[in-house]
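Architecture at a glance
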Amino acid sequence: MRNIVLKIAYDGTNYHGFQRQLPLKHSTIAIQNILESKLEKIFGDKIEIAAAGRTDSGVHALGQVINFHTNGTIPVEKIPLAASGLLPNDIVVLDAWEADENFNARHSAKSKIYIYRILNEKISNPFINRYVWQIRYPLNVYSMREAIKILIGRHDFSAFRAAGGAPMSPIRNIFDADIFQSYSNELQIKIHANGFLYHMARNIVGSLVAVGRGKFSVDNFKNIFESCDRNLAAPTAPPQGLCLYQVFYS
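Scope of this entry: the structure provided in the associated data block. Treat the numbers as computed from the prediction; the structure is a model and nothing was measured.

1. So, the overall build of the chain
Counting its secondary structure elements, the chain contains five helices and ten strands. Its C-alpha atoms give the chain a radius of gyration of 19 Å, near enough to 18 Å, the size a compact globule of 250 residues would have. Expressed along its principal axes, the backbone C-alpha trace of the chain runs to roughly 60 × 40 × 35 Å. Put simply, of all contacts in the chain between residues at least 6 apart along the chain, 71% involve residues at least 24 apart. Of the roughly 12400 Å² of accessible surface on the chain, 50% is carried by carbon and sulfur atoms. One finds the centroid of the 27 positive side-chain charges in the chain at a distance of 5 Å from the centroid of its 21 negative side-chain charges.

2. Examining the pairing of strand β5 (residues 111–119)
For β5, the tally of buried residues reaches eight of nine residues, placing the bulk of the element in the interior. Sheet analysis places β5 next to strand β10 (residues 242–248), joined by six bridges and oriented antiparallel. Paired with Lys-112 across the bridge in β10 is Val-247. Where β5 meets strand β9 (residues 186–193), eight bridges bridge the pair, whose relative direction is antiparallel.

3. Thoughts on the nonpolar core
Ranked by internal contacts, the top residues of the largest apolar core, which has 73 residues, are Leu-6, Leu-35, Leu-39 and Ile-189. Here this core gets eight residues from one element, more than from any other, and that element is helix α4 (residues 200–212). With sequence-adjacent residues up to four places away left out, Ile-189 is seen in contact with Tyr-114, Ile-115, Tyr-116, Ile-118, Met-144, Ile-148, Asp-178, Ile-179, Val-205 and Leu-208.

4. Thoughts on the packing of helix α3 (residues 141–148) against α4
Relative orientation of the contacting elements α3 and α4 amounts to 140°, with a least axis distance of 8 Å. Considering their axes alone, α3 and α4 lie oblique with respect to each other. Pair α3 / α4 crosses with right-handed handedness. Between α3, through Ser-143, Met-144, Ala-147 and Ile-148, and α4, the contact on the second element is made entirely by Leu-208, Val-209, Val-211 and Gly-212. The residue inventory of the contact of α3 with α4, partitioned by class, reads six nonpolar, two polar and no charged.

What counts and how
- Residues numbered from 1 in each chain as written.
- Predicted model: local features only at pLDDT ≥ 70, side-chain atom pairs only at ≥ 80, totals over all residues.
- Heavy atoms only, no water.
- Helix = DSSP H or I, 4+ residues; strand = E, 2+ residues; numbered from the N terminus.
- Rg over C-alpha atoms; globule rule 2.2 N^0.38 Å.
- Contact = heavy atoms within 4.5 Å.
- Areas by Shrake-Rupley, 256 points an atom, 1.4 Å probe, with all protein chains shown as cover.
- Lys, Arg positive; Asp, Glu negative; His and termini not counted.
- Charge placed at Lys NZ, Arg CZ, Asp CG, Glu CD.
- Buried < 20%, exposed > 50% of the residue type's maximum accessible area, 1.4 Å probe, protein only.
- Pairing = 2+ DSSP bridges.
- Core = buried A, V, L, I, M, F, W, Y, C linked by side-chain atoms within 4.5 Å.
- Axes fitted to C-alpha atoms, helices over the stretch in contact; angles between N-to-C directions.
- Parallel < 35°, antiparallel > 145°, perpendicular 65-115°, else oblique.
- Left-handed = near helix turned anticlockwise from the far one by under 90°.
- Nonpolar A, V, L, I, M, F, W, Y, C, P; charged D, E, K, R; others polar.

Right, here's the structure in full:
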């Protein structure tokens, strides 16, 4: 069987996250449900997808990676165009290639980059509302940058781990983390790590915003992080600002 790998982009607004939902209901449809259903028509057999990240409801992706095994014979270079004729406009196959039989989009991943966008403006922007967290209060970006750099390195991220996720070690390695002011009123929070705990990126953002608003000092943020106590950290940031930007396999 062929092991097909696809790079996917999607707007997660209308979906109940990436992971397959059963029983299938219109109100809880997931991106995996859509992809498997449409890819089965292209390849002519049952498709079961593995994904690099199981993004939550409302979270977007520019660089999601999936793989599946199939006996289908369509050439990889024709897959993106064939998929575009079947998928809804908010899910796009950007690229396709074949991998060796042992490749798995989730387990073979070495690291991921998530980007979170904040619109720091009193007036909303209808063109980007689906992709940002709008914060109408002024933010101290300098303090937020000081706080996020505390996270770089190998640490226990229990303080930013939500309940309900799969049981796993809370130890993660953040290779790089920074905050960029892409426009005068928009911030992009970039986190590159070897893996993320359940809601970890959004929980980090929530506490960074608390620093920016003066609710936490940088020292408070550091103490909360080192306490490993989720109850001390700020509420989870909303999903629409988060995007799975890139997945690395080497």
